[in-house]
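Report on the structure
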Amino acid sequence: MPKSEPHPYLDARARWALAAVATGAFCVQLDSFALNLALPVVRDALHGSATATPWVVSGYLLAAGSLMPVAGRLGDLYGRRRMLTAGLALFGVTAVLCALAPSLPLLVTARVLQGAGGALIMPAGLALLTHACPPGRGRRAMGRALGLAGLATVCGPFLGGVLARSVSWRAVFWLTVPLALAAALCARRAAESRDPEAGQSLDGFGAIAATGVVACLARWLEHVADWGWAVGAALIGALFVRAERRSSAPLVDLALFRNRPYVALTVAGAVANSATVALLYVVPWTLQRAEGWSVLEAGVVFVAPAGALAVGGPLAGRVRPGAAVPVMALCLASGAVALAATTRGTGTLALLTAATAAAAALGVAGGLALTGTQAVVRRERAGEASGVTKAVMTATAGVGLALTDAGADGGARPSLVLPAAVCLATAAALVVACVLRLRLVRGLVPVVGRVLGLGRAPISVRALTSVRAPVCVRALRLVRVLLPVGRRADRRRMDRRGAGQRQADRHRSAQCRSARCRTDRCE
């Protein structure tokens with residue numbers, strides 16, 4: 001009978017941490033997308049230019065994404081509750097500044113500062129929740145918080161558009177002020193946690209370099225034709241790696257990128273997040289432009305996909321860490337099929353059904369990227385891991401919109417074919433990685449050896465040369481390359497034989513010494 005998990009229920013401090021993180025994540029995601037449909041209203045009200053107005057959204061996302069690795073490490077060093085409270089306070093104050101901004105430059109500046117507050121909220125909050133909950137409960141609590149954030153992601157554009165046209169675009173920011181204040185009060189009742197092995201100094205050069213890498217990467221992904229940003233990201237990335245190798249207290253431990261489940265979940269989560277952004281753009285566009293629905297009608301019927309996306313977070317929290325990568329592959333494959341069906345579907349009912357299925361699959365995948373990565377890293381550096389994951393997901397969010405060919409032909413209908421293809425390719429790569437890591441494939445190499453007449457001996461180059469058929473030689477070499485676990489199994493088998501032989505030799509030498517001692521005594 002499996003052993004029951006200790007402390008099946010959350011204590012009071014863990015519940016306060018859950019309330020703070022869920023409310024803070026809702027605020028961050030709401031202000032990320034609430035002004036997307038209200039930008040024309042903001043431009044007319046503040047008399048801004050067409051080129052500067054998009055920075056109201058881009059500046060916020062760029063600041064939030066580029067500062068998350070630094071924010072995650074700050075939480076590990078100086079306390080996650082402290083950083084979460086500071087981020088919520090900064091977010092609330094800058095929301096007031098955004099609501100009172102008299103001009104577009106001041107609004108953009110306030111939005112950048114608000115993005116810095118959002119960068120402190122997400123990684124520090126997720127790490128705080130990981131430590132506040134007992135083992136076996138942290139993933140479920142994090143899934144609930146991410147579900148509420150997913151609901152804000154979907155409802156943000158609709159809510160912002162309705163408020164901008166019926167009340168004022170400033171009402172979007174006034175809405176988040178009491179929520180941020182309530183989350184800060186909840187955070188003060190949570191238990192503090194930090195990395196006990198960390199020093200009290202932050203890697204300054206690493207922080208600057210990490211911020212520059214993410215910022216350049218995000219700008220390049222928004223404008224792929226401008227290769228200058230890509231070159232800048234590569235050069236700053238090389239300096240960052242060199243500095244982290246030499247630093248005694250690095251901002252990001254490079255061993256994190258040798259954690260294969262962490263890397264796989266992070267990359268797959270970035271793909272799922274990009275596909276989600278594409279879905280959130282294409283489906284409302286189709287309902288309003290192709291079907292002729294109003295913004296209010298499109299928002300009402302989009303409740304089903306929004307609910308499916310929000311439910312994905314709690315479902316992701318119930319997945320065991322060992323099954324995170326296979327479940328991620330299944331979700332991406334299911335999401336790819338649903339995205340393709342969304343593009344090919346005829347009629348509103350078929351469109352919404354496919355969109356709901358895609359939102360459910362991508363919601364689980366996006367939640368797994370955060371809950372799964374927290375489960376496969378050390379709890380002491382949970383803030384660092386969540387910061388890197390969130391930075392990658394935020395920086396690559398615009399790729400999904402670019403893959404839809406949005407506005408490519410001056411109003412041409414966007415498509416979800418390319419996002420579906422990327423999801424399917426990523427799922428296939430995860431499946432291949434899982435198959436190669438299965439322990440059952442170890443038995444394949446001895447079977448092939450016996451079929452080729454090599455017996456049970458470990459397969460080596462000398463054994464390969466004894467096989468006359470060149471096709472068999474090439475096939476066996478390919479198996480040995482693709483299945484490194486076979487080589488490890490051979491080495492372990494030889495080590496066990498060697499250990500047994502050494503133990504037998506020690507036993508015989510001990511018997512000889514005891515016999516010699518008895519002979520000496522007899523003499």
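Residues numbered from 1 in each chain as written. Predicted model: local features only at pLDDT ≥ 70, side-chain atom pairs only at ≥ 80, totals over all residues. Heavy atoms only, no water.

1. As for the overall build of the chain
Helix and strand content of the chain: 21 helices and zero strands. Across the 523 residues in the chain, those meeting the buried criterion constitute 48%. Taking all contacts inside the chain whose residues are at least 6 apart in sequence as the whole, residues at least 24 apart take part in 81%. (Helix = DSSP H or I, 4+ residues; strand = E, 2+ residues; numbered from the N terminus. Buried < 20%, exposed > 50% of the residue type's maximum accessible area, 1.4 Å probe, protein only. Contact = heavy atoms within 4.5 Å.)

2. Overview of the environment of leucine 120
With respect to the secondary-structure elements, leucine 120 resides in helix 5 (residues 104-132). Taking C-alpha positions, leucine 120 is 5.1 Å from alanine 71, a pair spaced 49 residues apart along the chain. In this structure leucine 120 touches Ala71, Leu74, Met83, Leu84, Ala86, Gly87 and Gly125, once residues within four positions along its chain are discounted.

3. Regarding the pattern of salt bridges
Per the stated rule, a full pass over the model turns up two salt bridges. Salt-bridge contacts for aspartate 76 lead to arginine 73; the nearest nitrogen and oxygen are separated by 3.7 Å. Remark: arginine 73 and aspartate 76 occur in helix 3 (residues 55-78); sequence separation between them is three residues, near one turn of the helix. Exposure remark for aspartate 76: the relative accessible area of 0% places this residue in the buried category. On the accessibility criterion, arginine 73 (5% relative accessible area) is buried. For arginine 80, the salt bridge is made with aspartate 76, and the minimal N-O distance between the two is 2.7 Å. With a relative accessible area of 0%, arginine 80 lands in the buried category. Among the charged side chains, a network of salt bridges with common partners joins Arg73, Asp76 and Arg80. (Salt bridge = Lys/Arg side-chain N within 4 Å of Asp/Glu carboxyl O.)

4. Things to note about the packing of helix 13 (residues 324-344) against helix 14 (residues 348-375)
Packing of helix 13 against helix 14 leaves a shortest axis separation of 8 Å and a crossing angle of 155°. It follows from the interaxial angle that helix 13 and helix 14 lie roughly antiparallel. The chirality of how helix 13 crosses helix 14 is left-handed. Listed contacts from helix 14 to Ala324, Val327, Met328, Cys331, Leu332, Ser334, Gly335, Ala338, Leu339, Ala341 and Thr342 of helix 13 are Leu351, Ala354, Ala355, Ala357, Ala358, Ala361, Leu362, Val364, Ala365, Leu368 and Ala369. Split into classes, the residues belonging to the contact of helix 13 with helix 14 amount to 19 nonpolar, three polar and no charged. (Axes fitted to C-alpha atoms, helices over the stretch in contact; angles between N-to-C directions. Parallel < 35°, antiparallel > 145°, perpendicular 65-115°, else oblique. Left-handed = near helix turned anticlockwise from the far one by under 90°. Nonpolar A, V, L, I, M, F, W, Y, C, P; charged D, E, K, R; others polar.)

5. Regarding the side chain of glutamine 374
As for its placement among the helices and strands, glutamine 374 is situated in helix 14. Since its relative accessible area comes to 6%, glutamine 374 is described here as buried. A polar side-chain atom of glutamine 374 sits 2.9 Å from a polar atom in the side chain of threonine 130. If near-sequence neighbours (up to four positions away) are discounted, glutamine 374 is found in contact with Leu126, Ala127, Thr130, Met142, Ala382, Ala385 and Ser386. (Polar contact = N/O pair within 3.5 Å; in protein donor to acceptor, adjacent residues only side chain to side chain.)

6. What about the nonpolar core?
Counting 86 residues, the largest nonpolar core has Leu84, Leu129, Leu279, Met328, Leu332, Leu339 and Cys423 as its most contacted members. Excluding anything up to four places from it in sequence, leucine 339 contacts Ala275, Leu279, Ala358, Leu362, Leu416, Pro419, Ala420 and Cys423. Core analysis: the second largest hydrophobic core is formed by 20 residues, Cys98, Leu107, Leu163 and Trp169 among them. (Core = buried A, V, L, I, M, F, W, Y, C linked by side-chain atoms within 4.5 Å.)

7. So, helix 3
The largest bend along helix 3 measures about 50° and falls at methionine 68, with the proline proline 69 one to four residues further on. Among the 24 residues that make up helix 3, 20 are buried, leaving the element largely enclosed by the rest of the structure. (Bend = angle between axes of the 7 residues up to and from the residue.)

8. Brief notes about the packing of aromatic side chains
Under the defined criterion, the tally for this structure stands at two aromatic pairs. Here tryptophan 169 and phenylalanine 173 contribute two aromatic rings whose centre-to-centre distance is 6.2 Å and whose plane-to-plane angle is 90°, an arrangement assigned as edge-to-face. Both residues of the pair, tryptophan 169 and phenylalanine 173, count as buried. When the ring of tryptophan 220 is compared with that of tryptophan 227, the centres are 5.4 Å apart and the planes differ by 45°; the resulting orientation is tilted. Exposure remark for tryptophan 220: the relative accessible area of 18% places this residue in the buried category. (Phe/Tyr/Trp six-rings, centres within 6.5 Å; stacked < 30°, edge-to-face > 60°.)

9. Concerning the environment of alanine 230
Mapping alanine 230 onto the fold places it in helix 9 (residues 227-246). For the pair alanine 230 and arginine 219, spaced 11 residues apart in sequence, the C-alpha to C-alpha distance is 8.5 Å.

10. Some points on the confidence of the model for the chain
Should the pLDDT be low somewhere, the predicted coordinates at that spot are not to be read in detail. Predicted confidence across the chain gives a mean pLDDT of 77, with 78% of residues reaching 70 or more. Predicted confidence in the chain is weakest over helix 19 (residues 461-465), with a mean pLDDT of 43, and strongest over helix 4 (residues 80-100), with 92. In the model, residues 1-7 has pLDDT below 50 throughout and makes five contacts with residues more than four positions away in sequence or in other chains. Counted against residues more than four places away or in other chains, residues 481-486, with its pLDDT under 50, gives 12 contacts. (pLDDT = per-residue confidence, 0-100.)

11. Some points on the environment of leucine 265
Within the secondary structure layout, leucine 265 lies in helix 10 (residues 260-290). Leucine 265 gets classed as buried once you look at its relative accessible area, which sits at 1%. With 104 residues separating them in the primary sequence, leucine 265 and alanine 369 have C-alpha atoms 5.2 Å apart. What leucine 265 contacts, discounting residues up to four positions off in sequence, is Ala324, Val325, Met328, Leu368, Ala369, Gly372 and Thr373.

12. Focus: the packing of helix 6 (residues 138-166) against helix 14
For any two helices packed against each other, one specifies the inter-axial angle together with the distance between the axes. Viewed as axis vectors pointing N to C, helix 6 and helix 14 meet at an angle of 150°, and their least axial separation amounts to 10 Å. Classed by the angle they form, the pair helix 6 and helix 14 counts as roughly antiparallel. Of the two possible hands of crossing, helix 6 and helix 14 adopt the one that is right-handed. Seen from helix 6, the contacting residues are Arg139, Met142, Gly143 and Leu146; seen from helix 14, they are Gly367, Leu370, Thr371, Gln374 and Ala375. Grouping the amino acids of the contact of helix 6 with helix 14 by side-chain chemistry returns four nonpolar, four polar and one charged.

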